[in-house]
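Here is how the chains run, residue by residue.
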Amino acid sequence: MIIRLLLFLLVICIIEFYSYQTVKTLTNVRSILIAYQIISLAVIVFITYRLFTFDRSVGPTKGTMFTIAVLLLTLLPKIVMTLILLLEDIYRLFSGTFSHFLSAKPSASFLPERRKFVSQVALGLAAIPFSSLIYGMTLGKYNYKVIKQQIFFPDLPDAFDGFKITQISDVHSGSFDDPEKINYAIDLINEQDSDLILFTGDIVNTHATEMHPWIETFKRIKKHQYGKFSVLGNHDYGEYVDWKSETDKAANFRDIKALYGQIDFDLLLNEHTYIQKGEDKIAIVGVENWGRHFKKAGDLHKASEGLAAEDFKVLMSHDPSHWDAEVNKHAKHFHLTLSGHTHGLQFGIEIPGFFKWSPAQYVYDQWAGLYEKQGKYIYVNRGFGFHAYPGRVGIMPEITVIELKKGKNVV
C-alpha cells in the first residue's frame, strides 16, 4: 500500500513538473508562473481534502461529481502536456548525447534548450480534452440521441413483425440538475410512439429520495399499448454506501423498488410475462442485476421457469456481461437481450456507421449498440443519465427504438 502511494505521488510530481515546464517555456512573466503554481496547489489541496472527507454513509453526491470534474479538467490536460514534453526530453537526450560525444564540434550544453513551439503544441493539444470535458458538462450530458435499430428474426411471431420497443436505461436521477432538459427527453420518448417501453435499471445513484423530485416528470411517459416494464440495476441495491443498519439499507431498497411502480413501470424481479398480439405472443423476461464485477442477484433459471425454448423472448438484464457469462449458454434461447450499465463510460468517439471507440471496450465486450452471436442479439443502451463525471463526451445519452422484423438480416 505504501509503495503504491509513493508511486502515485511520484507520477503526480512528474506530471506537475512537466506541466510547469510547458508554461515556463512559453512565458517568463513571474506573476503568471506564480498564479499557475497557486492554482495547481489549490486544486491538489481541494481534491485531497474531498477524498479524505468523503462520507461513505452518504455516498456519491453532486459535490463528489464536481470533485471528479475538477480532477479530470486538471489532470487530463496535464497528462497530455507531460507526454509531449517527455517525448521532447527523449529527443533532447539523444540529440545531446550525439552532439556531446559524437559530433566533431561538441555543443557547450549537453541538453539542447526546450523548443517553444513544442510547448505551444503541447498546450494546444491539452486544450482538446479540457474543452471537450467542459462541453460534456454543459451541453453533452443532455444531448439526447434517439437511436433506431431494426433487428430481424426468422422465428419472430407474424403478428409482431414491425413491433416497436423503446428502451431507456441508467437514469441516475440523483445526478440531474436541469428539469427543462429532462422534460425535453421525456417528450422525445413519447414522440417515438412505440408499442412497448422497457427500462433496464439504475433509477437512482444510491438513495430512493433522489428520484422524488422527478417522479411526476417520469410519470409523463405515456402509457404504451403493450405495457411499461423494468428491471433493477446495480445502483438500485444501495451497495455503495455504509448504512447505519441493515434495516435502513433494506428500507431504502424497498423504496427504490417502489419507485418503478410510482412512475407506472411493472418491475420484473427474476420473472417473466407474456404480451399478446392477435393470436401470437412473446415473452418479456426480467432478471435482477447480474454483473461480472457487481452484484449477482439475477436468476435466469427462475425468470424463465415455464418458458419453452421456442418461445420468442426479450430479456432485460442490466449488465451486458451477463450475456456471455450465462444468457448465450442457456438452453431456453433468449432471442434479444436489452442491457445498459456501461454508459459507454460517458467518454469516447462515435461516427455512426463507421467508427466507435471508448475505454469501456477494454472492460466490456459488449458496451454500446447492437451485437450478435449465433442468431442471438444484445443491445446495450448508452444510458439516459450520467454518474461520477457529470458530463458526456462523444458518447451521448440515448433513447433506443428497436423494431422487431420477421426474416433474416441482410448483410
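First things first, this report covers the structure right here in the doc.

About the cut-offs
- Residues numbered from 1 in each chain as written.
- Predicted model: local features only at pLDDT ≥ 70, side-chain atom pairs only at ≥ 80, totals over all residues.
- Heavy atoms only, no water.
- Pairing = 2+ DSSP bridges.
- Helix = DSSP H or I, 4+ residues; strand = E, 2+ residues; numbered from the N terminus.
- Axes fitted to C-alpha atoms, helices over the stretch in contact; angles between N-to-C directions.
- Core = buried A, V, L, I, M, F, W, Y, C linked by side-chain atoms within 4.5 Å.
- Buried < 20%, exposed > 50% of the residue type's maximum accessible area, 1.4 Å probe, protein only.
- Contact = heavy atoms within 4.5 Å.
- Right-handed = clockwise from strand over helix to strand, strands pointing away.
- Salt bridge = Lys/Arg side-chain N within 4 Å of Asp/Glu carboxyl O.

### Notes on the sheet that holds strand 12 (residues 369-373)
Ordered in space as 6-7-8-9-13-12, the six strands form an open sheet in which the pairing is mixed. One side of each edge strand has no neighbouring strand; the edge strands of this open sheet are strand 6 (271-277) and strand 12. The sheet shows a mean angle of 20 degrees between the axes of neighbouring strands, direction not considered. Here strand 12 pairs with strand 13 (residues 376-380) via five bridges, running antiparallel. By the bridge assignment for strand 13, Leu 370 is matched with Tyr 379.

### What about unusual backbone geometry?
In this structure, Asn 270 takes a positive phi of about 55 degrees despite not being glycine. Topologically, Asn 270 is positioned in the loop between strand 5 (266-267) and strand 6. Unusually for a residue other than glycine, Gln 374 sits at a positive phi of about 50 degrees. Within the secondary structure, Gln 374 is located in the loop between strand 12 and strand 13.

### Considering the nonpolar core
Among the nonpolar cores identified, the biggest contains 33 residues, and Phe 176, Ile 203, Met 211, Phe 218 and Phe 384 are the most heavily contacted of them. Looking at this core, the elements that each hand over two or more residues are helix 5 (179-191), strand 3 (196-199), helix 6 (215-218) and helix 7 (246-262). Take this core: its biggest share by element is five residues, from helix 5. Discounting residues that sit within four places of it in the chain, Phe 176 has contacts with Lys 62, Tyr 142, Val 171, Ile 182, Trp 214, Phe 218, Phe 384, Gly 385 and Phe 386.

### Structural notes on the pairing of strand 3
The side chains of a regular strand alternate between both faces of the sheet. Burial along strand 3 is two-sided: the face carrying Leu 196 and Leu 198 and the face carrying Ile 197 and Phe 199 are both buried. In this sheet, strand 3 lies alongside strand 2 (residues 163-168) in parallel orientation, the contact comprising four bridges. Bridging across to strand 3, Gln 167 finds its partner in Leu 198. Since strand 2 and strand 3 lie parallel, the crossover through helix 5 that links them has a hand, and here it is right-handed. Looking at chain direction, strand 3 and strand 4 (residues 228-230) are connected through three bridges and run parallel. Bridge pairing in strand 4 links Phe 199 to Ser 230.

### Details of the pattern of salt bridges
The tally for this structure, following the rule as stated, stands at 17 salt bridges. A salt bridge links Glu 239 to Lys 249, with the nearest nitrogen and oxygen atoms 3.1 Å apart. Of this pair, Glu 239 sits in the loop between strand 4 and helix 7 while Lys 249 sits in helix 7; the two residues are ten residues apart in sequence, bridging distant segments of the chain. The partner of Asp 324 in a salt bridge is Lys 373, with the nearest N and O atoms 2.9 Å apart.

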